[in-house]
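Spelled out, the chains give:
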Amino acid sequence: MAKGKTISVYFCQNCGYESSKWMGQCPGCREWNTLTEELVNQKTPVKSAGAASVREALQPMKLSQIALGQEERVSTGYEELDRVLGGGIVPGSLVLVGGDPGIGKSTLLLQVCRNLSAELDLLYISGEESLKQIKLRAERIGSFSDRLALLCETNLDLIAGVLERQKPQVVVIDSIQTMYREDVSSAPGSVSQVREATGVLLKLAKEKGIAIFIVGHVTKEGVVAGPRVLEHMVDTVLYFEGDRHAVYRILRGVKNRFGSTNEIGVFEMSDQGLREVKNPSEVMLSGRPRDASGSVVACSLEGTRPMLLEIQALVCKSNFGFPRRTAAGTDLNRVNLLMAVLEKRAGLSMSASDAYINIAGGIRMNEPAIDLGIVLALASSFRNRPVGEKTICFGEVGLSGEVRAVSMPRQRAAEARKLGFAVCVLPAVCMEAVQEMEGIRFVGVSNVKEAMDQIL
Ligand code: TYD
Ligand code: MG
């Protein structure tokens, strides 16, 4: 253990806020009971700021002086993942893959290793599973080339040594919560360990040009040091989300220094690992009921890709004084707001009705463009009148009941046409954008009342 005075510091396990004393509520993120004590070695501050010769040699550069080689990106073998990464793996990048335990992070990265092992040297370091367990998983996934090496180790100083010797091009660290550095006295998984360990990996990635994937578990309570604290250190943050019991998993880009965020990749868990879903709209709409009231197809835009989804609503008379409202897959507050808009602006009296909203397929969508879909699904269920099977809608709904413009209406309409929809209900202001599109009828609406009159 390194020399130096050990002091106790309190870290918020949710946001990484640092304090010298314990507090019930974290001043940083306002969460309760998240501060825990960690022992930290106080390092003696370095007094000299480098030798005089080094100081003089330090030269800032002009942008025009920096030479850029051909930008090289390595495809992961999965289009869905490449898109989220901004076009493939950038050498020397540090990528965090976060998600609930059991969602499929290890499986995904092992599959990426399989795809890459044909042409790159890889190292998969696991602190969670034994070599035998990894082998068992690998057997289900498929055949691997011998350029993939495995290592079960949690000591980061030893791992750094292995990386210097072996010089792999891509490394997977599964998971950051199990890694530790000897000179940090707190337990693996604590904020200071996670932060220090990421610092070491960052340095290795940048100096040696190794692309490193870090797995980070997130728990809802933020009990284990959430990867939140390292989001700002890494280049790219991807979250793997979805219900553990549903087959569809969504990989979402949250931060990306090499591409746009908001892109998603869709995967499906099977008995042979994860499979790409290249046509999510088709999959989300499969098994849709025919001529059922309360079922409406809406279009949400995820990054650059339009995705069609089925919104289901069930509105029925409440047996209690206080009606029940639930929303699965979207924001309940938004649903409550839209119900209030319907009541006030379209005269549907739903205050004595229970309402249940569900986005089919077990995925979460929060884009405001699905507002019109939610409103029409609620109205359709309330009036018990089905919406046409070949009708699709999108548009944001405002508090006065107006239907507002959304981005990229043309792309959304094109996706709907591709899947055989015949009628598209959209904000009237977006009509110009879709003017000469053929094969689909457009209905421009300016408020929810108009939409209901046209469709129901
Ligand atoms: P895992 O990748 O270990 O999740 P994480 O690393 O995010 O904790 O495993 C996810 C789940 O997937 C696990 O419960 C078992 C399941 N699974 C399959 O259904 N099929 C498969 O082929 C594999 C490898 C896993
Ligand atoms: Mg795992």
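Remember, predicted model here, so these are calculated numbers, not experimental data. (Residues numbered from 1 in each chain as written. Chains lettered and ligands numbered in written order. Predicted model: local features only at pLDDT ≥ 70, side-chain atom pairs only at ≥ 80, totals over all residues. Heavy atoms only, no water.)

Enquirer: Quick rundown of the site of ligand 1? Include the residues and the values.
Expert: Near ligand 1 lie 15 residues; those nearest to it are G102, S106, T107, S270 and G273. Backbone polar atom of I103 to an oxygen atom of ligand 1: 3.4 Å apart, as the coordinates give it. Measuring from an oxygen atom of ligand 1, one finds a side-chain N or O atom of S106 at 2.5 Å. Considered on its own, ligand 1 offers 560 Å² of accessible surface; in the complex 74% of this is hidden by protein. Secondary-structure elements contributing two or more residues to the shell around ligand 1 are helix 3 (105-116), helix 4 (131-141) and strand 11 (264-270). (Near = heavy atom within 4 Å. Polar contact = N/O pair within 3.5 Å; in protein donor to acceptor, adjacent residues only side chain to side chain. Areas by Shrake-Rupley, 256 points an atom, 1.4 Å probe, with all protein chains shown as cover. Helix = DSSP H or I, 4+ residues; strand = E, 2+ residues; numbered from the N terminus.)

Enquirer: Help me get a handle on a nonpolar patch on the surface, residues and values and all.
Expert: Taken together, M61, L63 and I66 make up a surface patch of nonpolar side chains, about 370 Å² in accessible area. Relative to the helices and strands, I66 is located in the loop between helix 1 (52-57) and helix 2 (79-85). (Patch = residues over 30% accessible without salt bridge, like charges linked within 9 Å, V, L, I, M, F, W, Y side chains within 5 Å. Salt bridge = Lys/Arg side-chain N within 4 Å of Asp/Glu carboxyl O.)

Enquirer: Residues and numbers for the environment of N384, please.
Expert: With respect to the secondary-structure elements, N384 resides in the loop between helix 9 (371-383) and strand 17 (391-393). Taking the C-alpha atoms as reference points, N384 and G294, 90 residues apart in sequence, are found 7.4 Å from one another.

Enquirer: Just give me the short version of the pairing of strand 4 (residues 94-99), but keep the residues and values in it.
Expert: Most of strand 4 sits inside the fold, with six of its six residues counted as buried. A two-sided burial pattern is seen for strand 4, the buried positions comprising L94, L96 and G98 on one face and V95, V97 and G99 on the other. As paired strands, strand 4 and strand 8 (residues 211-217) are joined by six bridges and run parallel to one another. Along strand 8, the bridge assignment pairs L94 with I212. Pairing of strand 4 with strand 9 (residues 236-241) involves five bridges; the strand directions are parallel. What sits directly across from G98, in strand 9, is Y239. (Buried < 20%, exposed > 50% of the residue type's maximum accessible area, 1.4 Å probe, protein only. Pairing = 2+ DSSP bridges.)

Enquirer: Hey, could you go over the nonpolar core for me, with residue numbers and the actual values?
Expert: Counting residues in hydrophobic clusters, the biggest one holds 48 residues, and the most contacted among them are L342, I370, L372, I374, L378 and M452. Once residues within four sequence positions are removed from consideration, L378 is found in contact with A313, V315, M339, L342, M350, A355 and I357. I125, V162, I210 and V229 belong to the second-largest nonpolar core, a separate cluster that totals 32 residues. (Core = buried A, V, L, I, M, F, W, Y, C linked by side-chain atoms within 4.5 Å. Contact = heavy atoms within 4.5 Å.)

Enquirer: Requested: an account of the sheet that holds strand 2 (residues 18-19), with residues and values cited.
Expert: Reading across from one edge, 2-1-3 is the order of the three strands in this open sheet, with antiparallel pairing throughout. Of all strands in the sheet, those with a lone pairing partner are strand 2 and strand 3 (35-42), marking the two edges. Bridge count for strand 1 (residues 5-12) against strand 2 is two bridges, and the pairing is antiparallel. Within strand 2, the position partnered with Y10 by the bridge is S19. Sheet strands in contact with helix 6 (residues 191-208) are strand 1, strand 2 and strand 3, and its direction is about 100° off that of strand 1. (Axes fitted to C-alpha atoms, helices over the stretch in contact; angles between N-to-C directions.)

Enquirer: With reference to specific residues and values, describe helix 4.
Expert: Listing the buried residues of helix 4 in full gives I134, A138 and I141. The arc that holds every buried residue of helix 4, seen down its axis, measures 55°, which confines them to one face. When the buried face of helix 4 is taken as reference, the exposed residues oriented beyond 90 degrees from it are K132, K135, L136, E139 and R140. Where helix 4 is buried, its residues meet helix 3, strand 5 (122-126) and strand 6 (148-152). Following helix 4 by one or two positions, G142 adopts a phi angle in the positive range, close to 145°. (Arc of directions from axis to C-beta.)

Keep in mind that these numbers describe shape and distance, not what the molecule does.
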